[in-house]
There are 2 protein chains.
Amino acid sequence: MPRAAAIAARRAAFPVIAHAKAKADGLSRLLLAYTSRSIEAGKTFLHEGESATHFFTVMEGTVKLFKLLCDGRRAVTGFLFPGDIFGIGSEDKYNYSAETVTPVNLRRFPRRQLDRLYFNSPGLESQLLKLVSRELTAAQDQIMLLGRMTAHERAASFLLALACRQSRDGGWIELAMSRTDIADYLGLTTETVSRVLNVLKGSGCIVLAGNKVRIADAGALTQLAEGTGSDDD
Amino acid sequence: MPRAAAIAARRAAFPVIAHAKAKADGLSRLLLAYTSRSIEAGKTFLHEGESATHFFTVMEGTVKLFKLLCDGRRAVTGFLFPGDIFGIGSEDKYNYSAETVTPVNLRRFPRRQLDRLYFNSPGLESQLLKLVSRELTAAQDQIMLLGRMTAHERAASFLLALACRQSRDGGWIELAMSRTDIADYLGLTTETVSRVLNVLKGSGCIVLAGNKVRIADAGALTQLAEGTGSDDD
DNA sequence: CGATCCGTTGACGGTACTCAACTACCGTGG
DNA sequence: CCACGGTAGTTGAGTACCGTCAACGGATCG
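Residues numbered from 1 in each chain as written. Chains lettered and ligands numbered in written order. Predicted model: local features only at pLDDT ≥ 70, side-chain atom pairs only at ≥ 80, totals over all residues. Heavy atoms only, no water.

We now examine the nonpolar core. In this structure, F158, I206 and L221 of chain A together with F158, I206 and L221 of chain B are the most contacted members of the largest nonpolar core, which totals 104 residues. Residues within four places of L221 of chain B in sequence aside, it is in contact with A156, L159, L160, L200, C205, I206 and I215 of chain B. (Core = buried A, V, L, I, M, F, W, Y, C linked by side-chain atoms within 4.5 Å. Buried < 20%, exposed > 50% of the residue type's maximum accessible area, 1.4 Å probe, protein only. Contact = heavy atoms within 4.5 Å.)

What follows is the structure, given as structure tokens:
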């Protein structure tokens, strides 16, 4: 029973709105009417604490959301892929910063106009509620990961979650983000990320080739991700 | 600048809806019309994965929300106090379990009736959106805490966040939850929690007396919580 | 009074961090 | 063309923080 829950958790695991595009059709159509911006890689285009005037959808590329401690320590709270929406949530300030990982194409939507739209399209608000709820679920999964999983388990979970988002290219996953980004996402250091990935590679669970990964033994990886060796529950 | 952000973060730090009662007045009034249940301490009254039929508000007592790994490892995602609302969020299954920490008095509200209510009270849905957003913010703060803070910093943050919720009794904070609960909340072990609290006590930051804590040196505790010793940023 | 649970304290060990060196891969410019 | 510098990733050695295991004290309860 908890096993099923764990699997479901991983499936929804991105702090991000898994397949938001499909689910938020009305919203997406809405966004299409608005300005599209191209941003080069490595630009912080949204700062924690700024007043939240817009929300965004990723058209192309990868974005990361993160928070900083005053001494520079960083936590990446999520990666965003095409179709994901962020900056929703009715706080008046953004509670994370956002930076482009790759060159990115974004559409942004002024929040100020939301109230008007709520009035016109009644389903919209509950769509947003659903999206934020999904983000919340993902964040809580991440809490489980950071609070109670080992480095190996974190890496395995991460790869499986990535695979769920990018199921194309014959199983090859593109690691668009740097090791530092992954480390800050998994609560580890770059060195540990590197080592752990190479252990997974060595054990035959994955194939590592530069920025690409392929999951070779999903079963073994899943077991790792759940911390279950060969024992039954 | 990041310092201000960090402080704001701690202020909102409970994965919980800080002072939801005040903010969600319409909602609270609504809930008052519904059944109230008393539950003894230590009962799991809501299971992760169950279909989410109701949402709840805490009238009295303390509740914890948690998730389990299949091998029994646990992460407490939040503590709930009187006035807090949970089980909102429009997922069809609960994504955490809930257990009473103390004897608790709850009101519960059938979700099925929400749609009808949305129609009648237009502000309601955006109230919910705001509550879920706040939960999300809290969860992301917890991600920062779990991913990038030391045991001492986590404990200090925890105490400060608790103090923000319970500002009564002349500064005495009631630790209704066990060390195990705190450990699962902070991603530590009970032993470490115990040790760290006693270090804080020894350094004069706090006063520990059984289940009660008083913050003696809020400044020092805040510095600890932020990881800033005496260096400027 | 024994049993159990919770919290504390101690000794020890391991996982992951720190520090450091080294490689590979860029793009730039001599 | 290759030297050069900068960045990203890998690898190694040593360390530290925190987890594990174990024992103990105090409270509650039957």
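There's plenty left to go through after this.
Attention now moves to the relation of the copies chain B and chain A. Expressed as a screw operation, the relation of chain B to chain A combines 0.0 Å of axial shift with a rotation of 180°, fitting to an RMSD of 0.0 Å. Such a turn and shift between the copies fits a two-fold axis. When you check the interface residues of chain B against chain A, 100% turn up at the interface there too, and the contact is symmetric in its surfaces. (Least-squares fit on C-alpha atoms with pLDDT ≥ 70 in both.)

Attention now moves to the protein's contact with DNA strand D. Taken together, the neighbourhood of DNA strand D is formed by 14 residues, with R179, S194 and N198 of chain A together with A151 and T192 of chain B sitting nearest. Within the contact set of DNA strand D, a phosphate oxygen lies 2.8 Å away from a side-chain nitrogen or oxygen of N198 of chain A. Between DNA strand D and G187 of chain B there is a distance of 3.5 Å, counted from a phosphate oxygen to a backbone nitrogen or oxygen. For the surface near DNA strand D, the elements supplying multiple residues, two or more each, are helix 8 (190-202) of chain A together with helix 8 (190-202) of chain B. No other element matches the 4 residues that helix 8 of chain A contributes to the surface near DNA strand D. Across the surface near DNA strand D, the residue classes tally to 2 nonpolar, 7 polar and 5 charged. (Near = heavy atom within 4 Å. Polar contact = N/O pair within 3.5 Å; in protein donor to acceptor, adjacent residues only side chain to side chain. Helix = DSSP H or I, 4+ residues; strand = E, 2+ residues; numbered from the N terminus. Nonpolar A, V, L, I, M, F, W, Y, C, P; charged D, E, K, R; others polar.)

Let us look at the interface of chain B and chain A. Taken residue by residue, the interface counts 50 residues in chain B and 50 residues in chain A. For the pair chain B and chain A, the number of links is 6 salt bridges. The salt bridge partner of E153 of chain A is R73 of chain B, with a shortest N-O separation of 2.9 Å. Contributions of two or more residues to the side of chain B that touches chain A are made by helix 1 (2-11), strand 4 (63-68), strand 5 (74-80), helix 5 (124-148) and helix 7 (179-186) of chain B. At 20 residues, helix 5 of chain B tops the list of elements feeding residues into the side of chain B that touches chain A. (Salt bridge = Lys/Arg side-chain N within 4 Å of Asp/Glu carboxyl O.)

Glancing now at the domain arrangement of chain A. Residues and elements named next belong to chain A. Each assigned domain of chain A is listed with its residue range as follows: domain 1 (3-145) and domain 2 (149-225). On the domain 2 side, the residues contacting the 24 residues of domain 1 number 20 residues. Here domain 1 meets domain 2 over a buried area of about 1800 Å², counting both sides, of which 62% is carbon and sulfur. The tally of links from domain 1 across to domain 2 stands at 4 salt bridges. In this structure, D184 engages R74 in a salt bridge whose closest nitrogen and oxygen atoms are separated by 2.6 Å. Where domain 1 touches domain 2, the interface holds 8 residue pairs in polar contact (both at pLDDT 80 or more). For the side of domain 1 that touches domain 2, the leading source of residues is strand 5 (residues 74-80), giving 6 residues. The residue makeup of the side of domain 1 that touches domain 2, split by class, is 14 nonpolar, 6 polar and 4 charged. (Domains from an automatic or database assignment. Buried area = accessible area lost by both parts, 1.4 Å probe.)

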